Amino acid sequence: MTTVAALVPCLGGALAVGGVVVAASRRRELMVRWCAWALGVPLVTTAFWLGPPGIAALAAVVGVVAVVEFGGLLRLGPVDRVVLGAAVVGLVLTAWLAPGEVLRTAAVGALAIAGVPLLSGDAEHGLRRLGAGLLGLVWLGTLAGLVPSGALGLVLFVAVSVADIVAYAAGRRLGGPRLSLLSPAKRWSGTLAGAAAGLLTLAVLSSLTWQTAVAVAVGGPLGDLLESMVKRGARAKDAGRWLPGSGGLLDRIDSLLVALAVSLVLG
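Residues numbered from 1 in each chain as written. Predicted model: local features only at pLDDT ≥ 70, side-chain atom pairs only at ≥ 80, totals over all residues. Heavy atoms only, no water.

Asks: Would you mind going over the overall build of the protein with me for this structure?
Replies: Helices and strands together make up the secondary structure of the protein, namely eleven helices and zero strands. Overall, the protein shows an N-to-C arrangement of helices and strands of α-α-α-α-α-α-α-α-α-α-α. The C-alpha atoms of the protein give a radius of gyration of 19 Å, which matches the 18 Å a tight globule of 267 residues would have. Seen through its C-alpha atoms, the protein measures out along the principal axes to roughly 60 × 40 × 35 Å. Looking at the protein as a whole, 45% of its 267 residues are labelled buried. (Helix = DSSP H or I, 4+ residues; strand = E, 2+ residues; numbered from the N terminus. Rg over C-alpha atoms; globule rule 2.2 N^0.38 Å. Buried < 20%, exposed > 50% of the residue type's maximum accessible area, 1.4 Å probe, protein only.)

Written as structure tokens, this is what we have:
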């Protein structure tokens with residue numbers, strides 16, 4: 001298994017090569033996206049370098065932003081978002097400070113989320129609010145798994161990111177049958193090419209096991225489809241508009257969340 005220190009030159013080299021390719025393409029969209037990566041990768045890597053405290057801080061911030069975007073997509077009210085955000089952050093902090101109490105914290109969070117529509121007596125939208133809140137807790141609460149995963153969490157993020165990029169490029173070039181009606185632009189050809197690229201990334205980073213392979217090859221695409229389902233239900237193209245080249249933060253971590261969940265279950 002690789003370490004964060006070993007990942008630094010790999011990430012730096014990838015950014016440098018990517019910068020050269022993007023500059024040669026002269027495409028503004030790619031340049032904007034590369035600039036976002038150039039700012040984000042050092043921040044994320046530093047957080048993982050600091051160990052559990054840094055990872056917990058990063059996961060908590062990411063969780064709050066993701067809850068805001070998720071709440072917007074599912075039309076959750078301010079109280080629902082605050083309670084869901086507190087539940088996700090509580091899971092992250094528990095994974096850091098008291099890992100043996102994660103399940104208890106998750107149960108408390110679920111009860112708190114259920115209590116909001118129940119106590120407000122919302123007979124018309126209560127079931128939708130409850131379902132959305134519990135989905136958010138299960139989906140976004142997976143961020144707590146980054147804390148004990150250490151460098152593996154960063155490796156999974158790199159691998160699913162490479163897989164996403166290759167899947168997008170290969171799918172457009174190769175065409176073929178659609179992967180799912182939830183995301184008409186995605187093709188089986190791109191998904192398989194992306195999975196191969198993700199597995200190769202794991203091998204290069206000395207992190208290829210059957211568990212990580214399943215997490216990247218299966219969990220990554222499922223995470224992408226899960227967010228596509230949420231966005232289609234909300235009739236939205238992106239989870240947000242503030243992240244250059246990626247829409248919202250949830251659009252960037254959707255594959256990681258399910259890949260991390262699969263890795264935790266299998267590991």
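Asks: Quick question: what am I supposed to make of a nonpolar patch on the surface here?
Replies: Among the surface-exposed residues, Leu93, Trp96 and Leu97 lie close enough to one another that they form a single nonpolar patch of about 300 Å² accessible area. For Leu97, the position within the fold is in helix H4 (residues 78–97). Look at Leu97 and you get exposed, because its relative accessible area is 61%. (Patch = residues over 30% accessible without salt bridge, like charges linked within 9 Å, V, L, I, M, F, W, Y side chains within 5 Å. Areas by Shrake-Rupley, 256 points an atom, 1.4 Å probe, with all protein chains shown as cover. Salt bridge = Lys/Arg side-chain N within 4 Å of Asp/Glu carboxyl O.)

Asks: When you look at the environment of Val89 in this model, what are you seeing that I'm missing?
Replies: Counting through the fold element by element, Val89 comes out in helix H4. Separated by 28 residues in the primary sequence, Val89 and Val61 have C-alpha atoms spaced 8.2 Å apart. Contacts of Val89, omitting those with residues within four sequence positions, involve Ala60 and Val64. (Contact = heavy atoms within 4.5 Å.)

Asks: Honestly, helix H6 (residues 126–140) in this entry has me stumped. Any pointers?
Replies: Since the α-helix advances by 3.6 residues per turn, residues separated by three or four positions end up pointing in the same direction. Taking 1.5 Å of rise per residue, 15 residues should cover 21 Å, and H6 covers 21 Å from first to last C-alpha, within 8% of that figure. Turning to H6, the residues buried within the fold contact helix H3 (52–73), H4, helix H5 (102–120), helix H10 (210–234) and helix H11 (249–266). (Expected span 1.5 Å × (residues − 1).)

Asks: What is the right way to look at the side chain of Ser255 in this model?
Replies: Along the chain, Ser255 turns up in helix H11. You can call Ser255 buried: its relative accessible area is 1%. Excluding residues within four positions of it along the chain, Ser255 makes contact with Val160, Asp164, Gly219, Gly220, Gly223 and Asp224.

Asks: Honestly, the packing of aromatic side chains in this entry has me stumped. Any pointers?
Replies: The way to describe two aromatic rings as a pair is by their centre distance and the angle between their planes. The full count for this structure, using the stated rule, is two aromatic pairs. With centroids separated by 6.1 Å and ring planes inclined at 75°, the aromatic side chains of Phe70 and Trp139 adopt a geometry described as edge-to-face. With Phe70 in helix H3 and Trp139 in helix H6, this residue pair connects regions lying 69 residues apart in the sequence. The pair formed by Phe70 and Trp139 is uniform in burial state, with each residue classed as buried. (Phe/Tyr/Trp six-rings, centres within 6.5 Å; stacked < 30°, edge-to-face > 60°.)

Asks: What exactly am I supposed to notice about the environment of Ala106 here?
Replies: Position of Ala106 relative to the elements: it lies in helix H5. Residues within four places of Ala106 in sequence aside, it is in contact with Leu91 and Leu137.

Asks: Would you mind going over H10 with me for this structure?
Replies: Its 25 residues place the ends of H10 35 Å apart at the C-alpha level, agreeing with the 36 Å of an ideal helix rising 1.5 Å per residue. Remark: the principal bend of H10, roughly 35°, maps to Gly219, with a proline, Pro221, within the next four residues. Where H10 terminates, the next one or two residues include Arg235, which has phi positive at roughly 55°. (Bend = angle between axes of the 7 residues up to and from the residue.)

Asks: Even after reading the chapter, I still don't get the environment of Leu84, so can you show me in this structure?
Replies: With respect to the secondary-structure elements, Leu84 resides in helix H4. Residue classification places Leu84 among the buried positions, given a relative accessible area of 1%. For the pair Leu84 and Val230, spaced 146 residues apart in sequence, the C-alpha separation works out to 17 Å.

Asks: Sorry, what's going on with the nonpolar core here?
Replies: General note: in soluble globular proteins, nonpolar side chains tend to be found buried as a group. Counting residues in hydrophobic clusters, the biggest one holds 58 residues, and the most contacted among them are Leu84, Trp139, Leu140 and Leu250. The residues touching Leu250, leaving out its near neighbours within four places in the chain, are Ala66, Glu69, Phe70, Leu73, Trp139, Leu140, Glu227, Ala239 and Leu257. (Core = buried A, V, L, I, M, F, W, Y, C linked by side-chain atoms within 4.5 Å.)

Asks: Would you explain the pattern of salt bridges in this entry?
Replies: Between side chains of opposite charge, pairing is possible as soon as their charged atoms come close. The full count for this structure, using the stated rule, is eight salt bridges. The partner of Arg129 in a salt bridge is Asp80, and the shortest N-O contact between them spans 3.1 Å. Taken together, the positions of Arg129 in helix H6 and Asp80 in helix H4 put the pair 49 residues apart, joining distant regions of the chain. Each member of the pair, Arg129 as well as Asp80, carries the same accessibility label: buried. Ionic pairing is found between Glu101 and Arg104, a salt bridge with its closest N-O pair at 3.5 Å. Look at Glu101 and you get partly exposed, because its relative accessible area is 34%. Look at Arg104 and you get exposed, because its relative accessible area is 60%. Each of the salt bridges in this network shares a partner with another, and the network as a whole consists of Asp80, Asp122 and Arg129.

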